[in-house]
Amino acid sequence: MAGGNQSMVSEFVLLGLSNSQELQFFFFVIFTIVYVASVLGNIIIILTIASDSHLNSPMYFLLSNLSFIDICQSNFATPKMIADFLVEHKTISFEGCMAQIFLLHSFVGSEMILLVAMAYDRFIAICKPLHYSTIMNRRLCIIFVALSWTVGILHSVSHLAFTVDLPFCGPNEVDSFFCDLPLVIELACMDTYEMEIMTLTNSGLISLSCFLALIISYTIILVTVRSRSSSGSSKALSTLTAHITVVILFFGPCIYFYIWPFSRLSVDKFLSVFYTVCTPLLNPIIYSLRNEDVKSAMRKLKSRYLNSWKY
């Protein structure tokens, strides 16, 4: 039965977060604020790093690329979700649905690899400080960024190559605010068990391998930091806390969805909101609050901007 020509569904109906008009207006206000704060916050991070020569290091180069990915992730589904709060019939075209699946998995896969690269950067900086400038040069950072996008896109294409040709011939209601891959697969007019196993294997492999690599890296780094007692170690611990917080909040929902992708509970929809809408806001919040260098650079950028308006 497989074959793209047999697909008769031209659009999918998104059931959204709630049928209540009052709740939808409330969600519209809240998520508009979160969306604007997320995009502006990450733009400020990028501008701050680009404008301050003191932040011209591999860690902040990788951080600015992480902010760029978060901006992309903020825009793959959130603007449509916000607009859908104002309409009763929420639909998305078949092509639009496939695009959402492709973009989400590209951005998520890229962010996973980039977080591993950031952990490697901290590992070299703390465990091999004398070799840091030699190992973590600009060429290696560019390779890390290019690798993250390559892995993310390949990870996404591997999903989409099978999904786009599934026969969708009847049911078209997706119980979410965006085209979530497991929910879309379940709508196919065929036995999707093998497809579900492939999705679980593909997604689980990249998420669990990256998470384990991060856990091992940060464990080694924390042991190294605790064995030292200096102001430099205190600063390193503060930076590490920000990194580890981002990793836990990013991978927590991610691993949950990848381990139980086809077993849906009522709370899953709100975890999806946190994962796709709120996660991009974590980067500017956590790094601006936990990193003194970024906070200092932001204050300089603010004063420079205010002074330019005076003249």
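Preceding this paragraph is the structure being described.
Owing to the predicted nature of the structure, the values given are computational and were not obtained by experimental measurement.

(A) Broad picture of the packing of helix H2 (residues 58–75) against helix H6 (residues 138–163). Running from N to C, H2 and H6 cross one another at 20°; their axes reach a closest spacing of 10 Å. Classed by the angle they form, the pair H2 and H6 counts as roughly parallel. Here H2 runs over H6; the crossing is right-handed. Together, Pro58, Phe61, Leu62, Asn65, Phe68, Ile69 and Cys72 of H2 and Arg138, Cys141, Ile142, Phe144, Val145 and Trp149 of H6 make up the contact between the two elements. Among the residues forming the contact of H2 with H6, the class breakdown is 11 nonpolar, one polar and one charged.

(B) Representation of the pattern of salt bridges. Going through the model one piece at a time under the given rule, you end up with two salt bridges. Here Asp84 makes a salt bridge to Lys80, at a shortest N to O gap of 3.3 Å. You can see Asp84 and its partner Lys80 sitting in helix H3 (residues 78–84), four residues apart, about one turn around the helix. A relative accessible area of 8% places Asp84 in the buried class. Judged by its relative accessible area of 24%, Lys80 falls in the partly exposed class.

Calculation rules
Residues numbered from 1 in each chain as written. Predicted model: local features only at pLDDT ≥ 70, side-chain atom pairs only at ≥ 80, totals over all residues. Heavy atoms only, no water. Axes fitted to C-alpha atoms, helices over the stretch in contact; angles between N-to-C directions. Helix = DSSP H or I, 4+ residues; strand = E, 2+ residues; numbered from the N terminus. Parallel < 35°, antiparallel > 145°, perpendicular 65-115°, else oblique. Left-handed = near helix turned anticlockwise from the far one by under 90°. Contact = heavy atoms within 4.5 Å. Nonpolar A, V, L, I, M, F, W, Y, C, P; charged D, E, K, R; others polar. Salt bridge = Lys/Arg side-chain N within 4 Å of Asp/Glu carboxyl O. Buried < 20%, exposed > 50% of the residue type's maximum accessible area, 1.4 Å probe, protein only.

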